[in-house]
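Structure at a glance
Read off the chains here:
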Amino acid sequence: MVEVPNSSIALLHRVIQLIICAYTALYIVWYEKGYQEFQEPRGTSVTKVKGVSSVNVKVPSFLAGNYSRVVWDTTEYGIPPLVENNAFFIATHQIVTNDQTEAACPSALKSKLYCDANSTKCKIGKPTPSTAGFFTGNCVPSRENKTLNVCEIRGWCPEEMSASADYQISINDLKGFTIFIKTSVTFNKFNIHLRNIRDETNFSCRYHKIKDSRCPIFLLGDIIDQFETNIPALIDEGGVIEIEQKWTCNFDYNKNLCFPDYTFRLLQSGDEKQSPGINYRMAHKYRLNGTNYRILSKVHGLRFVLSITGNGGKFNPLQLFLAIGSGIGYTVIAGLVCDFIMMHVHKSRDKYRAGKVSLVNDIVLQ
Amino acid sequence: MVEVPNSSIALLHRVIQLIICAYTALYIVWYEKGYQEFQEPRGTSVTKVKGVSSVNVKVPSFLAGNYSRVVWDTTEYGIPPLVENNAFFIATHQIVTNDQTEAACPSALKSKLYCDANSTKCKIGKPTPSTAGFFTGNCVPSRENKTLNVCEIRGWCPEEMSASADYQISINDLKGFTIFIKTSVTFNKFNIHLRNIRDETNFSCRYHKIKDSRCPIFLLGDIIDQFETNIPALIDEGGVIEIEQKWTCNFDYNKNLCFPDYTFRLLQSGDEKQSPGINYRMAHKYRLNGTNYRILSKVHGLRFVLSITGNGGKFNPLQLFLAIGSGIGYTVIAGLVCDFIMMHVHKSRDKYRAGKVSLVNDIVLQ
Amino acid sequence: MVEVPNSSIALLHRVIQLIICAYTALYIVWYEKGYQEFQEPRGTSVTKVKGVSSVNVKVPSFLAGNYSRVVWDTTEYGIPPLVENNAFFIATHQIVTNDQTEAACPSALKSKLYCDANSTKCKIGKPTPSTAGFFTGNCVPSRENKTLNVCEIRGWCPEEMSASADYQISINDLKGFTIFIKTSVTFNKFNIHLRNIRDETNFSCRYHKIKDSRCPIFLLGDIIDQFETNIPALIDEGGVIEIEQKWTCNFDYNKNLCFPDYTFRLLQSGDEKQSPGINYRMAHKYRLNGTNYRILSKVHGLRFVLSITGNGGKFNPLQLFLAIGSGIGYTVIAGLVCDFIMMHVHKSRDKYRAGKVSLVNDIVLQ
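Residue indices follow the written sequence of each chain, beginning from 1 at its first position. Here chains are named by letter from A upward and ligands by number from 1 upward, in the order in which they appear as written. Two thresholds apply to this predicted model, a pLDDT of at least 70 for residue-level local features and 80 or more for giving and counting side-chain atom pairs, whereas whole-chain, interface and lining totals are computed over all residues. Side-chain descriptors were evaluated using all non-hydrogen atoms of the structure, hydrogens and water having been removed beforehand.

Under the convention used in this document: UniProt positions are given in the numbering used here, feature names are shortened, and annotations may be inferred rather than shown by experiment.
Per an unreviewed UniProt entry, chain A is named Purinergic receptor, and its organism is Adineta steineri. Regarding chain A, the UniProt comment filed under Subcellular location (unreviewed entry) reads as follows: "Endomembrane system".

And the structure:
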C-alpha cells in the first residue's frame, strides 16, 4: 500500500467517504427509515351520507301529471343504496320516465326520425340510432307534437326523450350534506388493526384540514368548493371524486397516534370538452294486472371513490444491517476513484505506479 | 499486502466472511428464494350464498297490518343482488316502512319535536334533525299517539321511525348458510391462470382449516364462531368481515398444487363503543294511479370483502446472479473491517502500518 | 500491489469488468431505465354500454301469460345499473318468476319431493333442499302437473322452478353492443393526471388493436370473438372477462403521448366442467292492497372487470447515482475473482504470493 501525502487527493478521498457515510446515515437510515420494515395497509371503508334536499322538477308542457317541488332524502339520491367496495354515489340530476311498458310508440322528436306515410325510412327490425328499440316500419304522429309524423319503434314506451321529467337537486342543500367515513385497516405483518374512529371521536365535528384533521365527518360543500371547477356543470353532468386516505404510521411509537391524511381529487369534472360527467340509467320494475311496468331514471351524479394508501414501518435489525452494509459497500467506491486518479490522471502518476507496483518478472516469461 | 499470522484477527476475518456467505446462501438465495422472479396474482372472485331463514317480525301496536313470521331466501337477504367487485352482503336485520309517498305528515315521536298550536318551533322550510324532510311550519297530532302534538314535515311519509316493522333473522338459520367462493387468478408474467375450482373439486364438502382446506364452500357459522365477538350484536348491528385468499405458489413445481390459504378477519364488529356495525337505506319504488310509492328498508348486515394476496415465483438466472453478486459484494466488508482494526485499533497497529505502507517521498515535495 | 503480465488472467479481469460495465450501462441504466423514478398509476373507470336486443322468451305450457318476443335496452340487461368500482355486468340469460308473494305452495317437480297423503316425508319446519323455503308438512298436488303429489313449502310462491319464463338474448344483437370506457389515472408522485379521452378523441371510432388502438369504444363482438371458447355456452351460463388497461408512460417525453394498452382475458368461461359461468338472483318488489309482491330473476351474464396497471417513469438524479454506484460495486467482484485465481488456482500462484505478501514476523511472537 502507498501512503500519498498529497493533501488534494487525500482530501478528495475523505470528502467522498464523508459524502457516502452522510448519505447512508442521514438519507438511507434516518430519512428513509432504513432501519424499519414496511408494509402497506389493507382495509375497507364504510360510508354514510346524510342530508335532505328539495328538488326542482321541470315537466314538458305536453306531459300530463301534477308534478311540483319534491323532497329527496338519502334513499332517493344514494343509489346504489349500499356503498360498494370503497365507493358511493350521490345523484344530483335525474331524468325520469314513468309507466314505461313493452309496446310500440312514436320515436322522440329529438331523434329527428321524420317520415311520411309512403316513406321507406323506418326500416322494419332495424335498431333505432338512440338504441331505445327497433323500428316497426310504421310512420305515426309524434307524441310530443301531433302535427309531425315520425317512425314508430318497438321497445319500452313511451320513449325517454319524449316523455320525461327533469329533477335537479338544490346546490345549497347539496353543499349541506355530510359524508361520514368509517375505515378499518390492517397491517397484518405487524398484526396491527387500526380504525379512524376512536373512543374519543366526537361525532358532532366537521373535518377541517388544519383545525380538525381527525374528524371522520366531511361537509360536501367543503370538498367540492376546493376544486377549481364549474360546480353547476358538475351538479348537472356529474363527476368522479377520489378521496385518498393515506395512513403513514410509525409503529415504533404509539400506534394510536396514527391517523389518515385525507386528499380530495376531482378525477372527472362536468365541464370537459369531451364526454363530461357521469351518468347511467336504472329502472324500478313493478306489475299491474299481469303487465310489467318500469320507472326509468337517467341519473347524473357525483361518484366518490375511496382509496387507502400509505405504509407502516417498524424497527427490524436485519433491515438496519442491510442499510449499513450497503453504505460500507459504497465506501469502496471512494478508494477506487482515488486510485484511478493517482494511477491514470494525476501528473505524478508514474512515481505512484513505481511505488505501488512490483513486477514479478519470472511470470512474464511463461 | 501483508499476511498477518494473528490467529484472533484471521479468525475474525474468516468468521465475518462465513457469516456473510451463510447469510447469502441460506437466507437470500435459499430462504428468500433469491433465485426466483416473483409476481403478485391479479384476479376476481364470484360468490354465491345459499340458505333460507325464518324471520321474526316485530310490529308496533299502533301500526295496521297482518304481519307474522316470514321467510327470507337468498334474494331477500342478499342485497345488492350481484356480488360486487370482490364483496357481498348478507342482510341480518331490517327496519321496513311500507307505502311511503311524497306528502306531509307528523314527525316521529323519537325525534321529540313536540310543539303547541302557537309555537314557532317548527321553522318552515328548515330540514328536520333526522334529515327525513323539511318542516311545513304546522303543528299536528302525532301518528303514534294522537294526544301529543308534533311538528309536521314534508317528505316521504309516513316517517320511518313512526311506522316501521322490525325484521330479525334467526341466528341458527344464519349459521347454516353456505358461502361458495369461485376465484380465478392470473400471473401474467408467467402466463399462468389458476382457479380454486378444479376438476376434482367436490361440491358437497365444507371448508375446514385442517381437514379440508381446499374446499370452496364455507359454513357461515364456522366463520363467525371463530371471532371473539358478541355475535348477537353482530347480527343486530351488522359488521364487516374480510376473507383473504393468499396464493403462495412455486411454479418450479407443478402449478396445480397451488391452492389459496383462507384467512378471516373481523374488520368491523357490532359491539364497538363508537359507531358499531354497518347499515344503509334502500327503497323499492312502484306506482299506483300515477303516484309514486316506495318500500323503505334500513338494512343492517354482514359485509364480506374478499381480497386476493400472495405471490408466485419462478426460477430466473438473472435473479440468481444478482443475489450471489450482492453476497460477494458484502464479503468486501469483511476485509474493510479487519484492515480497520489492524491499522487503527489493534495494539501492534504501528508495525502493521510499517509493513503495509511505503512512503513515496518525492511526491511529498510537490 | 503486483502487476501480473499474464495475458490470460489480465484478459479475464478486463472481460469480467467489461461484462459488468456493459450490464450496468445497458441493462440496469438504459434498458431498465435505472435513471428514472417509477410510480404505478391509480385511477378509476366509468363505462357505458349501448345497444338494444330482441329477446326470445320461452314459457312453460302450463303457465298463463301472453308472452312474446320482447326488447331489452341498456336498463334491462345492465344490472346493477351503476358501473361499480371498475366493473360492470351485461345480462344475457334470465329466468323470471312473476308475482311471487309470501305464502304456501307445492314444491317444483324439479326437486322431486313426491309424497302421498300419509307420508312423513316433508318434515315440517325443515328447509327444502333447494333452500326455497320450509316444509309445511302437507302433501299437495303439483302446480305443474295436478296428477302428482309433492311436499308443500312455505316461502315466496310460486317457486321459481315451477313457474318461470326463460329469456335469452340474441347473440347477433349482443355482438353489436358497444362498450365505452372513460378512465382517469393519476401519478401523484409526479403530479400528473391523465385521461384516455382527449380533445381529439373521435367518438364514432371502434377500437382495433392495430388500426385504432386509442379508441375508447369497444365492439363486444370483437372482444368475445377473440377468445377460444364456446360462445353459446358463454351467453347461456355467463362468464367473467377482465379488461386490463396498462399505462406505460415515460414522462421525460410529452405525457400526452401516453395511452393505455388494452388486454382482454376470459377469467371464467361458460363451458368449464365444474361450476361454469356466473349467475345471481335479484328481485323487484312492489305492493298491492297491502301485500308484498316481487319479480324474481335468476340472471346469467357477462361480468366485466376493469383493472389499471403499468407505471410511469421520470428522470431522477439520485436513482441514476444509485444505479451507477451498484455498477461500480460489482466491478470489485472482478478483482476478487482474479486475485482468488492467482493466489489459489493458478499454477504459478506461489511466485505470485511471494511477490504480493510480506510477513510481519514480530507480530507472530505475541
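**Remarks on the pairing of strand β8 (residues 149-157) of chain A**
Residues and elements named next belong to chain A. Going by this rule: Partly exposed residues are those whose accessible area sits between 20% and 50% of the maximum for their type, while under 20% is buried and over 50% is exposed, using a 1.4 Å probe and protein chains only. Secondary structure elements follow DSSP: runs of H or I of four or more residues count as helices, runs of E of two or more count as strands, with numbering from the N terminus. Strands were regarded as paired on the criterion that DSSP finds at least two bridges between them.
Within β8, 7 of the 9 residues are buried, leaving the element largely enclosed by the surrounding structure. The pairing of strand β6 (residues 87-106) with β8 spans 6 bridges and is classified as antiparallel. Residue P106 lies in a different strand from β8, and its bridge partner there is E152. The pairing of strand β7 (residues 133-141) with β8 spans 6 bridges and is antiparallel. Opposite F135, over in β8, you have I153 as the bridge partner.

**As for the packing of aromatic side chains**
All names here are of chain B. Note the following rule: Working definition: rings of Phe, Tyr and Trp (its six-membered ring) pair if their centres are within 6.5 Å, and the pair is stacked with planes under 30 degrees apart, edge-to-face with planes over 60 apart, and tilted otherwise.
The final tally for this structure, using the stated rule, is 48 aromatic pairs over all chains. Here the aromatic rings of F190 and F251 are separated by 5.7 Å at their centres, their planes lie at 65°, and the arrangement is edge-to-face. Residue F190 is located in the loop between β10 (178-187) and β11 (192-195), and its partner F251 is located in the loop between β13 (239-250) and β14 (261-268); the two are separated by 61 residues in the primary sequence. The class of F190 is buried, set by a relative accessible area of 12%. Here Y207 and F264 contribute two aromatic rings whose centre-to-centre distance is 6.2 Å and whose plane-to-plane angle is 75°, an arrangement assigned as edge-to-face.

**Some words on the side chain of Q245 of chain A**
Residue and element names in this part refer to chain A. Rules: Under the rule applied, a polar contact is a pair of N or O atoms within 3.5 Å (in protein, one hydrogen donor and one hydrogen acceptor; residues adjacent in sequence only if both atoms are side-chain atoms). Any pair of residues with heavy atoms lying within 4.5 Å of one another is described as a contacting pair.
Among the structural elements, Q245 can be located in strand β13 (residues 239-250). At 3.0 Å, the side chain of Q245 and the side chain of S45 are in polar contact. Among the polar contacts listed, one links the side chain of Q245 to the side chain of T183, at a separation of 2.7 Å. Once you skip the residues sitting within four places of it in the chain, Q245 turns out to touch S45, I181, T183, P260, D261, Y262, L306, S307, I308 and T309.

**Let's talk about the pairing of strand β15 (residues 279-288) of chain B**
Residue and element names in this part refer to chain B. β15 sits mainly inside the fold: 8 of its 10 residues count as buried. Of the pairings in the sheet, the one linking β15 to strand β16 (residues 291-315) comprises 10 bridges and is antiparallel in character. Bridge pairing in β16 places K285 opposite R294. Hairpin connection between β15 and β16: a loop of 2 residues separates the two successive antiparallel strands, and N289 in this loop has a positive phi of roughly 45°.

**Some details on the pattern of salt bridges**
Basically, it comes down to this: Salt bridges are counted wherever a side-chain nitrogen of Lys or Arg sits within 4 Å of a carboxyl oxygen of Asp or Glu.
Scanning the model with the defined rule gives 39 salt bridges over all chains in all. For E244 of chain C, the salt bridge identified is with R42 of chain B, shortest N-O distance 3.6 Å. Of this pair, E244 of chain C sits in strand β13 (residues 239-250) while R42 of chain B sits in strand β3 (residues 42-50), placing the two residues on different chains. Beyond isolated ion pairs, a larger network of salt bridges with shared partners links R42 of chain A together with E242, E244 and R265 of chain B.

**Some words on empty space enclosed by the protein**
Over the atoms, a rolled probe matching the size of one water molecule traces out where space is still vacant. Stated precisely, the cut-off is as follows: A cavity, in this analysis, means grid points on a 1 Å lattice covering only the protein atoms where a 1.4 Å probe fits yet has no way out; a pocket is instead an open set bounded by protein on both sides within 12 Å along at least five of seven lines, and a residue lines either one if it has an atom within 4 Å of a point. Grid points are joined across faces, edges and corners, and a volume is the space filled by probe spheres set on the points. Ten residue types, Ala, Val, Leu, Ile, Met, Phe, Trp, Tyr, Cys and Pro, are classed as nonpolar, four, Asp, Glu, Lys and Arg, as charged, and the remainder, Gly among them, as polar.
Using the criterion set out here, one finds 1 cavity of 30 Å³ or more in the structure. Within this model, the largest cavity holds a volume of roughly 30 Å³. Lining the largest cavity are T44, V46, K182 and S184 of chain B together with V240 and Q268 of chain C. Looking at the lining of the largest cavity residue by residue, the class counts come to 2 nonpolar, 3 polar and 1 charged.

**A short note on the state of the cysteines**
Residue and element names in this part refer to chain B. Rules: Two cysteine sulfur atoms make up a disulfide if the distance between them is within 2.5 Å.
This model, assessed by the stated rule, comprises 15 disulfides over all chains. With its sulfur 1.8 Å from that of its partner, C249 forms a disulfide with C258. The chirality of the disulfide connecting C249 with C258 is left-handed, given an S-S dihedral of about -55°. Each member of the pair, C249 as well as C258, is classed as buried. Cysteine pairing for chain A, with bonded cysteines counted in sequence order: 1-6, 2-4, 3-5, 7-8, 9-10.

**A word on the UniProt feature "transmembrane region" (unreviewed entry) in chain A**
In this numbering, the UniProt entry assigns the feature "transmembrane region" (unreviewed entry) to residues 12-31 and 320-343 of chain A. Spanning residues 12-31 of chain A, this segment combines 100% helix with 0% strand, and its end C-alpha atoms are found 26 Å apart.

**Quick look at unusual backbone geometry**
For the bond running from C157 of chain A to P158 of chain A, omega is -5°, close enough to zero to count as cis. Mapped onto the secondary structure, P158 of chain A falls in the loop between β8 and β9 (165-169). For N289 of chain B, which is not a glycine, the phi torsion comes out positive at approximately 45°. With respect to the element layout, N289 of chain B can be found in the loop between β15 and β16. Take N289 of chain B: its relative accessible area is 77%, and that puts it in the exposed class.

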